[in-house]
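# Structural description and commentary
So you can see what is in the structure, the chains are spelled out below.
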Amino acid sequence: MSETLVTFAGVVAGYGGGDVLKGVDFEVRPGGVTCIVGPNGSGKSTLLKTVSGLVRPRLGEIHFKGENLVGLSPRDILKKGIVQVPQNHSLFREMTVEQNVELGAFLERDRRVVAQRLATIREMFPIVAERAHDKAGSLSGGQQRLVEFARCLMLEPELVILDEPSMGLDPKTLKVMFGTIRMMRDAGRTILLVEQNARQALKMAERGVVLENGKVRLTGSGMEVLHNPEIGALYLGGSLEEARRPRP
Amino acid sequence: MKLLSKNLGWVVFFAALALFPLVVTNPFYTSIGVYALLFMASATSWNMFSGYSGYIALGSAVFFGVGAYTEALLALHWHVPANGNLFWLVPLGGIIATAFAVPIGWISLRVRRHTFVVITIAVFFIFQLSAINFSFTGGSSGLALPYITWSAADFNNPFYYAGLILVVFITLVSAFVRRSRFGLQLLAIRDDEDRAMGLGVQVTAIKITGFTMSAFAIGCAGAIYALFQGQIYPQFVFDPTFDVSVALMVFLGGIGTLAGPLLGALVLESAQQYLTATYSNNSLYLLLFGGLFLIVIMFMPQGVVPFVRDKLTKRTDLERAAVAANDVSSPSPVAPSTPTEVTA
């Protein structure tokens, strides 16, 4: 297996005239969770969008298993086994839960394969079977998130990109959600995660990346990033004074 | 057998339609039936694209007119004898309308919803003005088709059954589309086009295909209409109220449903024809339409079919809940496993 699954090399990207990412370099190893943290506006979500093709980098390259993704359409990127669950709820509210999940395997043309995957997904996510014929819009926020996870797994992706999956969820639901991310990881998926609940995310992440002003400030294991005093003080709930205080 | 019992309502509905001219032989009513069937086919076809994709097309009269003119022009230029052979030209009306739909869809579906509506209206007026001004269409005098000399008593029946075949055909196609992968993509576009694109749906291709498919039955309906009328005029086959009527029929019955357009067209077109013929007033039906839509918008904004379906579902749910509450011996539900523990 290759040492790296995704390589970001000097990625510069943004919206309109301004650049949000100003030369991002780091690598995502296959398997496990890579968690990106950083303050608001540091470019976390933009970075994820460059991988899934929703934002095209102005400069730099993004390699997935050695192949450059820059310039490919979102559809072509999906075909390569990269699926993104966006920050906001992305289910089709007027469609049923089952229809939503089926759409996840939209690129797979063999109906038998789709049926098999659907059966597996129903076992992994019982809610998909239980609420199969209910409109997705009638589910709670947490349930919708689980169905989004279920949908993204229908394509049997190699890389799952999760953009703030815990947004708006209550603590109990949050626990279920992190459990599901672990389940996906244990099933062999590589997870690229941006998460506002950084402490919890870094605890389960194999790799942590700190983004600041569109550049990578620090990379290391999840625990290293979590226990880095400066990072902890700045981005994980500390204060500037704490960060500026001389280290013993 | 299971399939039959599952679709018993549909079988009864179409059987009743098939028996109607045999039971009610008065040509006044069977002619209303012909118009109702043509609008049922058109509304179902319109709904197959606009209802499923959310793209409201207000230029479908173009396909109706193209179908009508195709029927008339081919009958005249090919010297088709004035009898049942004329019906063989009906599918050609649909095919030519479909052929026209490809470039129209290709141009108009480059833009999103509201702009699309405006473009379809503009395209409609281009076609209407063309039909009025070109010589091969007969200009404002229109075209006269070969004169059919069937007996007055049974004259309507062939048109009625041609219309019924078209309705059955397009209903089956619409049902198939609804349940197909293709239909799923149309529904996804209706809900959120950008998300659909993010999941790999080729939205432009899907929209053009849906738009083109919906033109066929409307073109066929136009061709049958031309035959039934015997004379076509540009202002009647390229009629702006056609699109408004079809859209209202679908909204009344329930947009995006299978039964809604059929119900809406059956009720509204029959009422319109009856009121126009009975009271010799072309505009009286507008009063009925206005009142009816006021009621629908106020009390059942999704349309009649979804409203009734929701009511029935709620009633069934309540009955089930009552049975469950009374059943003291039933075991308590097992606690769901991890990923379903999320509460509503």
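Scroll up a little and you will see the structure.
Residues numbered from 1 in each chain as written. Chains lettered and ligands numbered in written order. Predicted model: local features only at pLDDT ≥ 70, side-chain atom pairs only at ≥ 80, totals over all residues. Heavy atoms only, no water.

Attention now moves to the pattern of salt bridges. Going through the model one piece at a time under the given rule, you end up with 19 salt bridges over all chains. One salt bridge in this structure joins A:Arg185 and A:Asp186, with 3.5 Å as the shortest N-O distance. What makes A:Arg185 buried here is its relative accessible area of 19%. With its nearest N and O atoms 2.8 Å apart, the salt bridge here joins B:Lys207 to B:Glu193. (Salt bridge = Lys/Arg side-chain N within 4 Å of Asp/Glu carboxyl O. Buried < 20%, exposed > 50% of the residue type's maximum accessible area, 1.4 Å probe, protein only.)

All names here are of chain B. All told, the structure shown has 33 aromatic pairs over all chains when counted by the stated rule. With a centroid separation of 5.4 Å and 70° between ring planes, the pair formed by Tyr35 and Phe228 is classed as edge-to-face. One end of the pair, Tyr35, is in helix H3 (residues 27-53); the other, Phe228, is in helix H10 (residues 203-229), and 193 residues separate them in sequence. The class of Phe228 is buried, set by a relative accessible area of 11%. (Phe/Tyr/Trp six-rings, centres within 6.5 Å; stacked < 30°, edge-to-face > 60°. Helix = DSSP H or I, 4+ residues; strand = E, 2+ residues; numbered from the N terminus.)

Of the residues lining the interface, 32 residues belong to chain A; the matching set on chain B comes to 25 residues. Here chain A and chain B share an interface that buries about 2,500 Å² over both sides, 62% of which is from carbon and sulfur atoms. Counting the contacts that link chain A with chain B gives seven residue pairs in polar contact (both at pLDDT 80 or more). At four residues, the largest contribution of residues to the side of chain A that touches chain B is made by helix H6 (residues 141-153) of chain A. (Contact = heavy atoms within 4.5 Å. Buried area = accessible area lost by both parts, 1.4 Å probe. Polar contact = N/O pair within 3.5 Å; in protein donor to acceptor, adjacent residues only side chain to side chain.)

Mapped onto the secondary structure, A:Gln84 falls in strand S6 (residues 82-85). Residue A:Gln84 is classed as buried on the basis of its relative accessible area of 16%.

Time to look at the environment of A:Leu193. Residues and elements named next belong to chain A. Tracing the backbone shows Leu193 in strand S8 (residues 190-194). Since its relative accessible area comes to 0%, Leu193 is described here as buried. When the C-alpha atoms of Leu193 and Ile77 are compared, they prove to be 18 Å apart, with 116 residues separating the residues in sequence.

This brings us to the sheet that holds strand S1 (residues 6-15) of chain A. All names here are of chain A. Judged by pairing direction, the sheet is antiparallel, and its four strands sit side by side in the order S2-S1-S4-S5 without closing on themselves. What marks the edges here is a single partner per strand, and that holds for strand S2 (18-28) and strand S5 (67-68). Bridge count between strand S4 (residues 59-64) and S5: two bridges; the pairing is antiparallel. Paired with Phe64 across the bridge in S5 is Glu67. (Pairing = 2+ DSSP bridges.)

Right, let's get into the packing of helix H5 (residues 90-108) of chain B against helix H6 (residues 113-133) of chain B. Residue and element names in this part refer to chain B. Look at H5 against H6: their axes get within 10 Å of each other, and the N-to-C directions meet at 140°. What the angle tells us is that H5 and H6 run oblique. Crossing handedness for the pair H5 and H6: right-handed. Along its contact with H5, which presents Phe100, Ile104 and Ser108, the element H6 presents Phe116, Ile119, Val123 and Phe127. A breakdown of the residues in the contact of H5 with H6 according to their chemical character gives six nonpolar, one polar and no charged. (Axes fitted to C-alpha atoms, helices over the stretch in contact; angles between N-to-C directions. Parallel < 35°, antiparallel > 145°, perpendicular 65-115°, else oblique. Left-handed = near helix turned anticlockwise from the far one by under 90°. Nonpolar A, V, L, I, M, F, W, Y, C, P; charged D, E, K, R; others polar.)

On to the pairing of strand S3 (residues 32-37) of chain A. Regular strands place side chains that alternate from one sheet face to the opposite one. Residues and elements named next belong to chain A. When you tally the buried positions in S3, you get six out of six residues, the bulk of the element. With burial as the criterion, each face of S3 is covered, one bearing Gly32, Thr34 and Ile36 and the other bearing Val33, Cys35 and Val37. In the sheet, S3 pairs with S8 via five bridges, with the strands oriented parallel. Residue pairing for S8: Ile36 is matched across the bridge by Val194.

Before going further, it helps to spend a moment on the sheet that holds strand S7 (residues 159-163) of chain A. Residues and elements named next belong to chain A. Pairing is mixed in the open sheet, where six strands are placed in the order S6-S7-S8-S3-S9-S10. Here the strands that pair on one side only, and so sit at the sheet edges, are S6 and strand S10 (215-221). Averaged over all pairs of adjacent strands, the angle between strand axes in this sheet comes to 15°, irrespective of strand direction. As defined by bridge partners, S3 adjoins strand S9 (residues 207-212) across four bridges and the pair is classed as parallel. For Val37, the partnering residue across the bridge sits in S9 and is Val210. Against the sheet, helix H1 (residues 44-52) makes contact with S3, S6, S7, S8 and S9, and its axis sits at roughly 150° relative to S7, the strand it touches most. Running at roughly 150° to S8, helix H7 (residues 171-186) makes contact with S3, S7 and S8 of the sheet.

What is shown is where atoms sit, not what they do.
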